Amino acid sequence: MTRIDYCEYLLSSQINYTLTHFAEHTEGMSHDKINRYLRDDKLTPRLIWEHVKQDIVYDSNGYLLFDDTIIDKQFSNKIESVRRQYSGNAHAVIKGIGVVNCVYVNPSIDRFWVIDYRLFDPDRDGKSKLDHLSDMLSHAAYKKCLPFNKVLVDSWYATHKIMLKIDKMRKIYYCPLKKNRLVNDSGAPMPTTSYQRIDHLCWRQAELERGKIVCINKFPKGYQVKLFQIPMSTHRTEHIATNAMDQNSADDVRKECAVRWKVEGFHREAKQLTGIEKCQCRLGRIQRNHITCAMLVWICMKRAAVTAGKTIYRIKHDLLKHYLLQELRSPSLAFA
């Protein structure tokens, strides 16, 4: 039993990704044998980088995207590393395993690659999601030496620690701020007037088009950002902060923020096509190894999709094509 065997199973299976199902369809392979392999092996996020770095097309104007997703374990009572946390997909607090992902985007060719991830398990390592993001950002810039110019995160990660770190690295950030963040729009480098909530700000037409300069509460004195009010839909408006002080177009800011949804595309594809949520084993080590293998399978399918000029969904579903053709020609279960 090897990692290649398990990844091949995740790649080939369509709806069932359990160890029992794997053992039933593999000669000479038992459930216990598979379980022992996943329990004893130790797969780390470094494997993701080793498998994907040969595929990346670098761009000096590239983006780094950070976001987390919840591996749904709502019906689990004894799986290690599972904790109750908020899921943006379910819009509720659910039981699951949190995964913070880092995605690299080349805007010139409109392609993206997952390059790193961290599991949110503070009981094991004592780290928060912000700590994981900070670690991956440092690894991308100083160890992987990735060429990038912009960093996009969602409102959960738009803290002074992260924003100032990006600014210190001389990179540009676009961060949506929560509506209860306190800002001052007096325009003074060191405001003396009181701060107010973002959703209580008054906007002139010129500011809606070109943004306004604000100071954010609890940031260093004199630190200013450019704030834009961007309507995302009929019922939702986001306030985007950026350290690109020469940015004067709300339309351009909207386009910059749209790049962030590529990481959501990765989350959707991984959950629908790799079985990343389907492991039923209780041990935390097995869950971590399964998640790593699922991401390696996504990398494999994405590479095949680019080569074939197809979508990743087509690559996965085409595995059943020959089976269906054979059944239609000579059905094993004939309709009577």
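Our subject is the structure listed above.
This is a predicted model, so every value here is computed, not measured.

Draft legend 1. Main features of the packing of helix α10 (residues 261-273) against helix α11 (residues 284-308). In contact at an axis separation of 10 Å, α10 and α11 are set at 105° when each is read in the N-to-C sense. Overall, the two elements α10 and α11 adopt an arrangement that is roughly perpendicular. Taking contact as the criterion, the partners of Phe266, Glu269, Ala270 and Leu273 in α10 are, on α11, Met295, Trp298, Met301 and Lys302. Its residues assigned to classes, the contact of α10 with α11 shows six nonpolar, no polar and two charged.

Draft legend 2. Inspection of empty space enclosed by the protein at higher detail. This structure, assessed with the given rule, holds one cavity of 30 Å³ or more. Lining the largest cavity, in full, are Thr69, Ile71, Asn101, Phe266, His267, Ala270, Lys271, Ile276 and Met295. In terms of residue class, the lining of the largest cavity is made up of five nonpolar, three polar and one charged.

Draft legend 3. Region of interest: the layout of surface pockets. Computed from the structure, the largest pocket encloses a volume of approximately 1300 Å³. Along the wall of the largest pocket there are 35 residues; nearest its centre are Tyr86, Gly88, Asn89, Asp154 and Glu264. Of all elements in the fold, only β1 (63-72), β2 (83-87), β6 (172-177), β11 (236-242) and α10 reach the threshold of two or more residues within the lining of the largest pocket. Among the elements that line the lining of the largest pocket, the one with the most residues is α10, at six residues. Of the residues contributing to the lining of the largest pocket, the split by class is nine nonpolar, eleven polar and 15 charged.

Draft legend 4. Focus on the pairing of β2. Sheet topology note: the β2/strand β3 (residues 92-106) ladder contains five bridges and is antiparallel. Across the sheet, residue Ser87 finds its bridge partner in β3, namely Ala92. Between β2 and β3, which pair antiparallel and follow one another directly, the connecting turn spans four residues, one of which, His91, has a positive phi of 55°.

Draft legend 5. Structural view of the packing of aromatic side chains. If you walk through the whole model with that rule in mind, you get eight aromatic pairs. Ring geometry for Tyr9 and Phe22: centres 4.4 Å apart, planes at 10°, overall stacked. On the criterion of sequence distance, the pair formed by Tyr9 in helix α1 (residues 3-12) and Phe22 in helix α2 (residues 19-24) is long-range, its members being 13 residues apart. Taking relative accessible area as the criterion, Tyr9 reaches 8% and is therefore assigned buried. Across from the ring centre of Trp203, 4.6 Å away, lies the NZ or CZ of Lys212, which sits over that ring.

Definitions and limits used
- Residues numbered from 1 in each chain as written.
- Predicted model: local features only at pLDDT ≥ 70, side-chain atom pairs only at ≥ 80, totals over all residues.
- Heavy atoms only, no water.
- Axes fitted to C-alpha atoms, helices over the stretch in contact; angles between N-to-C directions.
- Helix = DSSP H or I, 4+ residues; strand = E, 2+ residues; numbered from the N terminus.
- Parallel < 35°, antiparallel > 145°, perpendicular 65-115°, else oblique.
- Contact = heavy atoms within 4.5 Å.
- Nonpolar A, V, L, I, M, F, W, Y, C, P; charged D, E, K, R; others polar.
- 1 Å grid on protein atoms, 1.4 Å probe; cavity = no way out; pocket = protein on both sides within 12 Å on 5 of 7 lines; lining within 4 Å.
- Points joined across faces, edges and corners; volume = space filled by probe spheres on them.
- Pairing = 2+ DSSP bridges.
- Phe/Tyr/Trp six-rings, centres within 6.5 Å; stacked < 30°, edge-to-face > 60°.
- Buried < 20%, exposed > 50% of the residue type's maximum accessible area, 1.4 Å probe, protein only.
- Lys NZ or Arg CZ within 6 Å of the ring centre and 35° of its normal.

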